[in-house]
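# Tertiary structure, described
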Amino acid sequence: MDYYIVDEIWELFGIKSREDYIEKNVIPGNFHSEVPEDIIRSFKTVTQLTAQAYYDYPLYDEALNKALRIFELAIKLKAKQLDLKEDSLNNLINKLCKIQNLKHLKETLHRARGIRNTHMHPENHSSGWFMAKGKGNIQMFVNFINGILRN
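Before going into details, it helps to say that this report is about the structure given with it. Since the model is a prediction, treat every value here as computed from it, not as a measurement.

What follows concerns the packing of helix 3 (residues 37-52) against helix 4 (residues 59-81). It is the contact of helix 3 with helix 4, at a shortest axis distance of 8 Å, that shows an interaxial angle of 165°. The orientation of helix 3 relative to helix 4 falls into the category roughly antiparallel. Of the two possible hands of crossing, helix 3 and helix 4 adopt the one that is left-handed. In this structure, helix 3 uses Ile 39, Ser 42, Phe 43, Thr 45, Val 46, Leu 49, Thr 50 and Gln 52 to contact helix 4, whose residues at the interface are Leu 59, Tyr 60, Glu 62, Ala 63, Lys 66, Ala 67, Ile 70, Leu 73, Ala 74 and Leu 77.

At their nearest, the axes of helix 5 (residues 89-99) and helix 6 (residues 106-120) sit 10 Å apart, and the two run at 165° to each other. Between helix 5 and helix 6, the crossing angle belongs to the class labelled roughly antiparallel. For the pair helix 5 and helix 6, the crossing hand works out as right-handed. Two secondary-structure elements touch here, helix 5 through Leu 89, Asn 90, Ile 93, Asn 94 and Cys 97 and helix 6 through Lys 106, Leu 109, His 110, Arg 113 and Arg 116.

This next bit is on the packing of aromatic side chains. A full pass over the atoms with the stated rule returns eleven aromatic pairs. Measuring from centroid to centroid gives 5.5 Å for Trp 10 and Tyr 57, while their planes differ by 65°, and the two rings are edge-to-face. Note that Trp 10 is positioned in helix 1 (residues 9-12) and Tyr 57 in the loop between helix 3 and helix 4, a separation of 47 residues in sequence. Its relative accessible area of 1% is what places Trp 10 among the buried residues. Here the aromatic rings of Tyr 54 and Tyr 55 are separated by 5.2 Å at their centres, their planes lie at 75°, and the arrangement is edge-to-face. Residue Tyr 54 shares its accessibility class with Tyr 55, and that shared class is buried. Within the aromatic cluster, the residues linked to one another by ring pairs are Tyr 4, Trp 10, Phe 13, Tyr 21, Tyr 54, Tyr 55, Tyr 57 and Tyr 60.

On to the pattern of salt bridges. Two side chains with opposite charge may pair up if their charged atoms get near one another. Tallied over the full model, the rule gives six salt bridges. Notably, a salt bridge pairs Asp 20 with Lys 24, separated by 3.2 Å at the nearest N-O pair. Placement of both Asp 20 and Lys 24 in helix 2 (residues 18-25) is noted, with a separation of four residues, approximately one turn of the helix. Salt-bridge contacts for Lys 95 lead to Asp 87; the nearest nitrogen and oxygen are separated by 2.9 Å. One salt-bridge network, held together by shared partners, links Glu 72, Lys 76 and Arg 116.

Let us look at the layout of surface pockets. Using a probe with the size of a water molecule, rolled over the atoms, empty space left in the structure can be pinpointed. Its boundaries defined by the atoms lining it, the second largest pocket holds a volume of some 190 Å³. Lining the second largest pocket, in full, are Leu 73, Lys 76, Leu 77, Ala 79, Lys 80, Leu 84, Lys 85, Glu 86, Asp 87 and Leu 92. Considering each element in turn, the lining of the second largest pocket owes the most residues, five residues, to helix 4. Looking at the lining of the second largest pocket residue by residue, the class counts come to five nonpolar, no polar and five charged.

Conventions used here
- Residues numbered from 1 in each chain as written.
- Predicted model: local features only at pLDDT ≥ 70, side-chain atom pairs only at ≥ 80, totals over all residues.
- Heavy atoms only, no water.
- Axes fitted to C-alpha atoms, helices over the stretch in contact; angles between N-to-C directions.
- Helix = DSSP H or I, 4+ residues; strand = E, 2+ residues; numbered from the N terminus.
- Parallel < 35°, antiparallel > 145°, perpendicular 65-115°, else oblique.
- Left-handed = near helix turned anticlockwise from the far one by under 90°.
- Contact = heavy atoms within 4.5 Å.
- Phe/Tyr/Trp six-rings, centres within 6.5 Å; stacked < 30°, edge-to-face > 60°.
- Buried < 20%, exposed > 50% of the residue type's maximum accessible area, 1.4 Å probe, protein only.
- Salt bridge = Lys/Arg side-chain N within 4 Å of Asp/Glu carboxyl O.
- 1 Å grid on protein atoms, 1.4 Å probe; cavity = no way out; pocket = protein on both sides within 12 Å on 5 of 7 lines; lining within 4 Å.
- Points joined across faces, edges and corners; volume = space filled by probe spheres on them.
- Nonpolar A, V, L, I, M, F, W, Y, C, P; charged D, E, K, R; others polar.

Geometric values such as these leave the question of function open.
Okay, structure coming up:
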């Protein structure tokens, strides 16, 4: 099997070259200095998976799965910093939004939690990058992590 043949599906998305693909679909994960190194290092895998999805479309789902786990980790880290007791992701989001005055993000954080739940508890196999809005959702997680982990 040749691992470096462009996945034909990208043509359907109007991707013309590897450079075009990288510009439109690879998320570098730019984080501020208060984001823990563990999260930054973990996100490098997301970036690499999005880059390699050029050759195998389903890798984009794996990148999203990794980003979802990092998002959950960021929420739990922030909750720990604030001395909140362990709780469900739903309750931690509610508490963080109240404590950090993030009410404007509450609905979107819960949408992200819903995406996380769908990916972590699948009912069937699917390459849902297109339905999950790929880069937009992964970039959303970068933005949330940056926002949540500000002191």
